[in-house]
Amino acid sequence: MEVEAAQMTRWEGYVDWRNKPALRGRHGGMLAASFVLVVEILENLAYLANASNLVLYLKEYMHMSPSKSANNVTNFMGTSFLLALLGGFLSDSFLTTYHVYLISALIELLGLIILTIQAHLPSLKPTKCNGSTQCEEVNGGKAALLFSGLYLVALGVGGIKGSLPVHGGEQFDESTPNGRKQRSTFFNYFVFCLSFGALIAVTFVVWVEDNKGWEWGFAISTITMFLSIPVFLAGSTTYRNKVPSGSPLTTILKVLIAASLNTFTNKNSSNAVANMSSSPTNPNTQTKQSHQQIQTTKPTPTPSQTPTQSLKFLNKAFTNKPIHTSLTCTLQQLEDVKIIFKILPIFACTIMLNSCLAQLSTFSVEQAATMDTKLFSTFKVPPASLPVFPVLFLMILAPIYDHIIIPYARKVTNSETGITHLQRIGIGLILSIIAMAIAAIVEIKRRKISLHNNDPLPISFLWIGFQYLFLGSADLFTLAGLLEFFFSEAPSSMRSLATSLSWASLAMGYYLSSVIVSIVNSVTGNGNHKPWLSGSNLDNYHLERFYWLMCVLSGLNFLHYMYWASRYKYRGRGNGDDEGN
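Procedures and definitions
- Residues numbered from 1 in each chain as written.
- Predicted model: local features only at pLDDT ≥ 70, side-chain atom pairs only at ≥ 80, totals over all residues.
- Heavy atoms only, no water.
- Axes fitted to C-alpha atoms, helices over the stretch in contact; angles between N-to-C directions.
- Helix = DSSP H or I, 4+ residues; strand = E, 2+ residues; numbered from the N terminus.
- Parallel < 35°, antiparallel > 145°, perpendicular 65-115°, else oblique.
- Left-handed = near helix turned anticlockwise from the far one by under 90°.
- Contact = heavy atoms within 4.5 Å.
- Nonpolar A, V, L, I, M, F, W, Y, C, P; charged D, E, K, R; others polar.
- Expected span 1.5 Å × (residues − 1).
- Buried < 20%, exposed > 50% of the residue type's maximum accessible area, 1.4 Å probe, protein only.
- Phe/Tyr/Trp six-rings, centres within 6.5 Å; stacked < 30°, edge-to-face > 60°.
- Lys NZ or Arg CZ within 6 Å of the ring centre and 35° of its normal.
- Patch = residues over 30% accessible without salt bridge, like charges linked within 9 Å, V, L, I, M, F, W, Y side chains within 5 Å.
- Areas by Shrake-Rupley, 256 points an atom, 1.4 Å probe, with all protein chains shown as cover.
- Salt bridge = Lys/Arg side-chain N within 4 Å of Asp/Glu carboxyl O.

### Overview of the packing of helix α17 (residues 388–413) against helix α19 (residues 465–489)
In step 1: Between α17 and α19, the shortest axis-to-axis distance is 8 Å and the interhelical angle comes to 50 degrees. When the axes of α17 and α19 are compared, the pair comes out oblique. Seen from above, α17 lies across α19 with right-handed handedness. Residue-level contacts link Phe389, Pro390, Phe393, Leu394, Leu397, Ala398 and Tyr401 of α17 to Gly465, Tyr468, Leu469, Gly472, Ser473, Asp475, Leu476 and Phe477 of α19.
In step 2: Here the contact of α17 with α19 is composed, by residue class, of 11 nonpolar, 3 polar and 1 charged.

So this is what it looks like as structure tokens:
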């Protein structure tokens, strides 16, 4: 009886930090997730403290051209978020999210130490240039040291983004309504903590870098990253860690290959067995074949083990006889792969939103630079500090959403979530459309004033705040919604990889923004016409047309999203009113 009682208290499929079975009441819960939230503040502070101001460091201290500096920063940030897929893959396949975070944190710490040492020692940087000598761009061993530090940081950030939010989400019991509500609160506050770290980074640390020196800025990031490790370890005794179940990519590839090759083979004879066993006319045959079914290496399908009818082209991986035993797929593997295929269109529809968000750190900053940036007629706000506005909006909206909007929505809809994950993502997409329309209207107003005035224009930069407000709100709804959607809908064996798609969408959005700008200039610059987005003077741009274009593209993207979202059937509990395959 004691052994049975001990078994009942275990978390199935979870272990503690010593690789012993995780126990109910001792491991998991909001206390364990709280350590993750504090760590996210420190980790995002360490990362964004440098990323937000890195273009200046590369330009002024590494003597890169403005365009090369910008490209290197874009590549660095894009790579960081894309590498979240690697972190998610490792968490699902070989290591727990607990171990992936620790390894990634040490890698990022090593990269920050390298960058701090280089910023501190003049011998590791290009020679200072003056008016009589041409600035020499960083090269050779110094360049190798710079990029080694940067991409070690990128590798570490990717691993952390791919493991930390999943590690926090896994602390809650998703089989109970209260556990799912706590998990939703966790993801809301994860975005809040991410924003809080960013707020400190783009204000205090950026000020230190600009006024005290870059070695101090890198040192703050290094110390912060170092502190995040013992904070994370302090929660070790409270964590429950999901046991990895093998490579999700192997499963996906096996099902795809089996579905393709099994097209040329006959139906698996086990289907006939299933049909016979379901017939009440031959009980003796049924018993005999039941024993044969147990002895086979592949489970015989029963009426309850029939593949779902969605994505039928994949069913042959299970229903048809495999051409080789290595391509034998279970029904669970087939259905898991189907789920991944179903969430991919939702992922693709969020890339356009992140492309709109990219404008906050590019054209919006340039607009503000031509305007009156005084606050209360005394304090002058640097245009580069404008990203603090969406960060503040996120921090204000996150608790309001969790403690006011969601409880009210639950009462109105009489549902557990109040607002489903897909509805939340859809709201974010709508807000991005409104933001681009507002951005276009504000730019029209700014250009009219610029016709009769010189910079700074007699128009407050707070007009730009409206587009920041709507895009910041869109980011809250979509990012938190995506993280929870991928986490709750993905198969347990593929959860980390699927959740990492949230960060991959961010990276692809930045890349897409650059592609759209290039295409717009290429198309509008034909013949005698001047490209919309070229030249050194923003007043000669047709930025309002570009914003209208982004508004239209976002609208079309929303229609595309509605097509997929309206057909999606939730599989997890408490995610929506519909439960499906």
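Past the structure itself, the notes keep going.
### Here we look at α19
In step 1: For α19, with 25 residues, the first-to-last C-alpha span of 35 Å sits near the 36 Å given by 1.5 Å per residue.
In step 2: Of all 25 residues that make up α19, 22 are buried, and the element is covered over most of its length.

### Some thoughts on the packing of aromatic side chains
In step 1: If you walk through the whole model with that rule in mind, you get 26 aromatic pairs.
In step 2: With a centroid separation of 4.8 Å and an interplanar angle of 40 degrees, the aromatic rings of Tyr57 and Trp214 are classed as tilted. Within this pair, whereas Tyr57 is found in helix α3 (residues 54–60), its partner Trp214 is found in helix α9 (residues 214–234), the two being separated by 157 residues in sequence.
In step 3: A relative accessible area of 1% means that Tyr57 is categorised as buried.
In step 4: A connected cluster of aromatic rings, assembled from ring pairs, spans Phe35, Tyr98, Tyr101, Phe232 and Tyr239.
In step 5: Its end group placed over the ring of Tyr14, Arg240 keeps NZ or CZ at 4.0 Å from the ring centre.

### Notes on the environment of Leu506
In step 1: The residue Leu506 is located in helix α21 (residues 501–524) in this model.
In step 2: The exposure class assigned to Leu506 is buried, which follows from its relative accessible area of 17%.
In step 3: Sequence separation between Leu506 and Leu479 is 27 residues; the distance between their C-alpha atoms is 9.2 Å.
In step 4: Setting aside residues up to four positions removed in sequence, Leu506 forms contacts with Phe81 and Asn354.

### Describing a nonpolar patch on the surface
In step 1: Taken together, the side chains of Leu392, Ile396, Ile400, Ile404 and Ile405 define a hydrophobic patch exposed on the protein surface, amounting to about 400 Å² of accessible area.
In step 2: Examined against the element boundaries, Leu392 turns out to sit in helix α17.
In step 3: Its relative accessible area of 34% is what places Leu392 among the partly exposed residues.

### Thoughts on unusual backbone geometry
In step 1: Here the phi dihedral of Asn19 falls at roughly 70 degrees; this positive angle occurs in a residue that is not glycine.
In step 2: Mapping Asn19 onto the fold places it in the loop between β1 (10–15) and β2 (21–23).
In step 3: For Asn19, a relative accessible area of 61% puts it in the exposed group.
In step 4: Residue Leu311 is not a glycine yet carries a positive backbone phi of 50 degrees.
In step 5: Checked against the element boundaries, Leu311 lands in the loop between α12 (283–295) and α13 (316–319).
In step 6: According to the relative accessible area criterion, Leu311 is partly exposed, its value standing at 27%.

### A word on the packing of helix α7 (residues 140–169) against helix α8 (residues 177–211)
Packed helix pairs are specified by the crossing angle of their axes together with the interaxial distance, meaning the distance between the axes.
In step 1: Running from N to C, α7 and α8 point in directions that differ by 140 degrees, and their axes come no closer than 9 Å. The pairing of α7 with α8 is recorded here as oblique in orientation. The crossing of α7 and α8 is right-handed. Where α7 approaches α8, its residues Lys161, Leu164, Pro165, Gly168 and Gly169 are matched on the opposing element by Arg183, Phe186, Phe187, Phe190 and Leu194.
In step 2: Taken together, the residues of the contact of α7 with α8 sort by class into 6 nonpolar, 2 polar and 2 charged.

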